[in-house]
Amino acid sequence: MTAADIFADLLHNLVPNASPWLETTVGLVLLLTASALVNLIVKKVILRIITQLLLSDSPIMATIAARLANIFPALIISGGIGMVPHLPDIIPVVTRNVVGAFVILTITLALNGVLNLVNELYQRRPDAASRPIKGYVQLMKIALFVGATILMIAVLMEQSPLYLLSGLGAMAAVVMLVFKDTILSLVASVQLTSNDMVRVGDWIAIPALNIDGNVIDIALHTVKVQNWDKTISTVPTQKLISDSFQNWRGMSEAGGRRIKRALLLDQNSIRFLTPEERESMHRFAALDTYLERKRAELEEWNAKLVDAGKAEVNTRRITNIGTFRAYVYAYLQDRPDIRKDMTLLVRQLQPTAQGLPLEIYCFTKTTSWNEYEGIQSDIFDHLIALLPEFGLRLYQQPSGLDLEHLKIS
């Protein structure tokens with residue numbers, strides 16, 4: 001006698017003279033009650049005990065355990081559906097197939113939670129920002145769900161998974177087309193990680209996409225950047241390989257941020273210093289060394305010209321712009337917030353229609369944006385205010401107010 005016959009006799013004794021449909025209904029109710037009871041025991045008792053033994057309060061771990069707990073009531077239904085009397089033969093078969101697919105899905109979701117847990121634990125490592133594995137985890141998830149889908153279809157159709165896989169060969173071109181972006185993203189993710197091109201926390205700029213900010217997430221398909229205006233930009237991973245971008249990590253690691261800005265000097269204000277003006281420049285302590293060195297150099301040069309009988313026009317003299325350039329260099333050398341071990345230049349650029357650019361090229365000792373802007377502003381505030389002391393003027397295009405003053409005069 002089979003288990004189904006025993007169960008049918010038990011139902012007949014519980015409900016004598018009952019019709020077949022009533023026996024079937026009672027059997028289904030008892031089966032569902034047993035399944036709900038097992039579900040309650042597993043989730044409220046067994047899972048709680050396991051959680052206490054593992055001493056884990058991770059929500060991901062709790063989700064994984066809850067997923068696996070759903071298997072037990074499903075197995076009760078799969079094993080007991082055949083014992084319910086008077087059911088059509090197709091019902092137990094379909095139920096077992098659906099339960100089998102459900103078990104595969106449940107295990108897949110649990111494994112997905114395990115991968116999330118692995119990624120969460122890895123992100124706690126100090127080197128996680130430079131070597132993220134989120135892209136690889138997402139790739140494993142894709143493979144996991146693709147495999148689970150094939151198994152579920154095989155169970156529902158009662159066919160071997162190998163039979164389904166053999167049919168995929170003809171669909172290879174379609175599969176490659178569907179997963180084209182995923183394959184490109186995988187290659188890009190591997191290149192970004194292996195070459196250490198970008199990390200979470202890096203400041204990157206992509207002018208072509210109007211993106212400028214900090215990287216907050218690196219995934220398989222996308223890289224998220226929080227711009228300085230607090231907006232979030234999502235960039236396809238392969239864009240960082242196919243297009244150029246600027247990573248400011250080197251500036252942060254070097255510990256110095258570059259100042260590269262020019263003063264546009266009115267070329268009409270550039271001239272030689274008179275002997276009186278040259279002597280008055282000694283009131284700037286920073287120029288003492290420069291003036292003494294320049295005086296000795298020019299006296300030696302000019303003495304040779306006089307001995308050769310050359311006209312005075314051939315002699316060399318000190319200019320106000322050269323003296324100002326020497327002052328700027330000495331001023332930057334004396335500032336404690338400017339790095340002396342990095343490039344420090346004060347140079348003239350190609351003259352333009354807007355004046356002669358006198359460029360300052362140096363590095364601050366801080367990379368903080370606020371402090372950097374403060375140092376840069378202090379330097380140029382001082383130099384612009386000091387220009388008249390050297391007889392120099394900044395170039396500035398005439399405004400409407402200037403033109404109005406000319407009319408009045």
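To be clear, the structure that these remarks concern was listed above.
A brief structural summary.

Criteria and thresholds
Residues numbered from 1 in each chain as written. Predicted model: local features only at pLDDT ≥ 70, side-chain atom pairs only at ≥ 80, totals over all residues. Heavy atoms only, no water. Helix = DSSP H or I, 4+ residues; strand = E, 2+ residues; numbered from the N terminus. 1 Å grid on protein atoms, 1.4 Å probe; cavity = no way out; pocket = protein on both sides within 12 Å on 5 of 7 lines; lining within 4 Å. Points joined across faces, edges and corners; volume = space filled by probe spheres on them. Nonpolar A, V, L, I, M, F, W, Y, C, P; charged D, E, K, R; others polar. Pairing = 2+ DSSP bridges. Expected span 1.5 Å × (residues − 1). Buried < 20%, exposed > 50% of the residue type's maximum accessible area, 1.4 Å probe, protein only. Patch = residues over 30% accessible without salt bridge, like charges linked within 9 Å, V, L, I, M, F, W, Y side chains within 5 Å. Areas by Shrake-Rupley, 256 points an atom, 1.4 Å probe, with all protein chains shown as cover. Salt bridge = Lys/Arg side-chain N within 4 Å of Asp/Glu carboxyl O. Contact = heavy atoms within 4.5 Å. Axes fitted to C-alpha atoms, helices over the stretch in contact; angles between N-to-C directions. Parallel < 35°, antiparallel > 145°, perpendicular 65-115°, else oblique.

### Here we look at the environment of L105
- Mapped onto the elements of the fold, L105 is located in helix 5 (residues 90-122).
- Expressed as a C-alpha distance, the spacing of L105 and A148, which sit 43 residues apart in the sequence, is 6.8 Å.

### Brief notes about empty space enclosed by the protein
- Evaluated as defined, the whole model comprises two cavities of 30 Å³ or more.
- In this model, the second largest cavity occupies a volume close to 30 Å³.
- Considering the residues around the second largest cavity, the lining is formed by I206, L209, V235, K239, L240, D243, S244 and F245.
- Class assignment for the residues of the lining of the second largest cavity results in five nonpolar, one polar and two charged.

### Some thoughts on the sheet that holds strand 5 (residues 246-247)
- Taking strand neighbours across the sheet as the criterion, the five strands line up as 4-3-2-1-5 in an open arrangement whose pairing is antiparallel. The open sheet has two edge strands with one neighbour each: strand 4 (232-236) and strand 5.
- Bridge analysis of strand 1 (residues 203-206) against strand 5 gives two bridges, and the strand direction is antiparallel. By the bridge assignment for strand 5, A205 is matched with Q246.

### Quick look at helix 14 (residues 320-334)
- Taking 1.5 Å per residue as the helical rise, helix 14 with its 15 residues ought to reach 21 Å, and the 21 Å between its terminal C-alpha atoms agrees with that figure.
- Of all 15 residues in helix 14, 11 are buried, a share of seventy percent or more.
- Where helix 14 is concerned, the buried positions are N320, I321, G322, T323, F324, A326, Y327, V328, A330, Y331 and L332.

### Considerations on the pairing of strand 2 (residues 211-218)
- Sheet topology note: the strand 1/strand 2 ladder contains four bridges and is antiparallel. Within the sheet, the bridge partner assigned to A205 lies in strand 2 and is D212.
- Where strand 1 hands over to strand 2, the hairpin turn is made up of four residues, of which N210 adopts a positive phi near 60°.
- Where strand 2 meets strand 3 (residues 222-227), five bridges bridge the pair, whose relative direction is antiparallel. Residue pairing for strand 3: G213 is matched across the bridge by N227.
- If you look at the hairpin formed by strand 2 and strand 3, you'll find three residues sitting between the two strands.

### Focus on a nonpolar patch on the surface
- Together, I90, I91, V93, V94, V98, I153, L156 and M157 give the surface a local cluster of nonpolar side chains, amounting to about 640 Å² of exposed area.
- Only helix 5 and helix 6 (134-157) provide two or more residues apiece to the nonpolar patch.
- Ranked by residue count, the leading element in the nonpolar patch is helix 5, at five residues.
- Counting through the fold element by element, I90 comes out in helix 5.

### Side note on the environment of I133
- Tracing the backbone through its elements, the reader meets I133 in the loop between helix 5 and helix 6.
- With 10 residues separating them in the primary sequence, I133 and Q123 have C-alpha atoms 8.6 Å apart.
- Those residues in contact with I133, other than ones at most four positions away along the chain, are N119 and Y122.

### Some details on the packing of helix 5 against helix 6
- For the pair helix 5 and helix 6, the least separation of the axes is 9 Å and the interaxial angle reads 175°. Classified by the angle their axes make, helix 5 and helix 6 are roughly antiparallel.

### Some remarks on the sheet that holds strand 6 (residues 257-265)
- Across the sheet, which stays open at both edges, the three strands sit in the order 6-8-7 with antiparallel pairing between neighbours. At either end of the open sheet lies a strand with only one pairing partner, and these are strand 6 and strand 7 (345-348). Across the sheet, the axes of successive neighbouring strands diverge by a mean angle of 15°, strand direction being ignored.
- Of the strand pairs in this sheet, strand 6 and strand 8 (residues 356-364) are connected by nine bridges, and their pairing is antiparallel. Directly across from I259, in strand 8, lies its bridge partner C362.
- Of the strands in this sheet, strand 6 and strand 8 are in contact with helix 15 (residues 369-386), which crosses strand 6 at around 25°.

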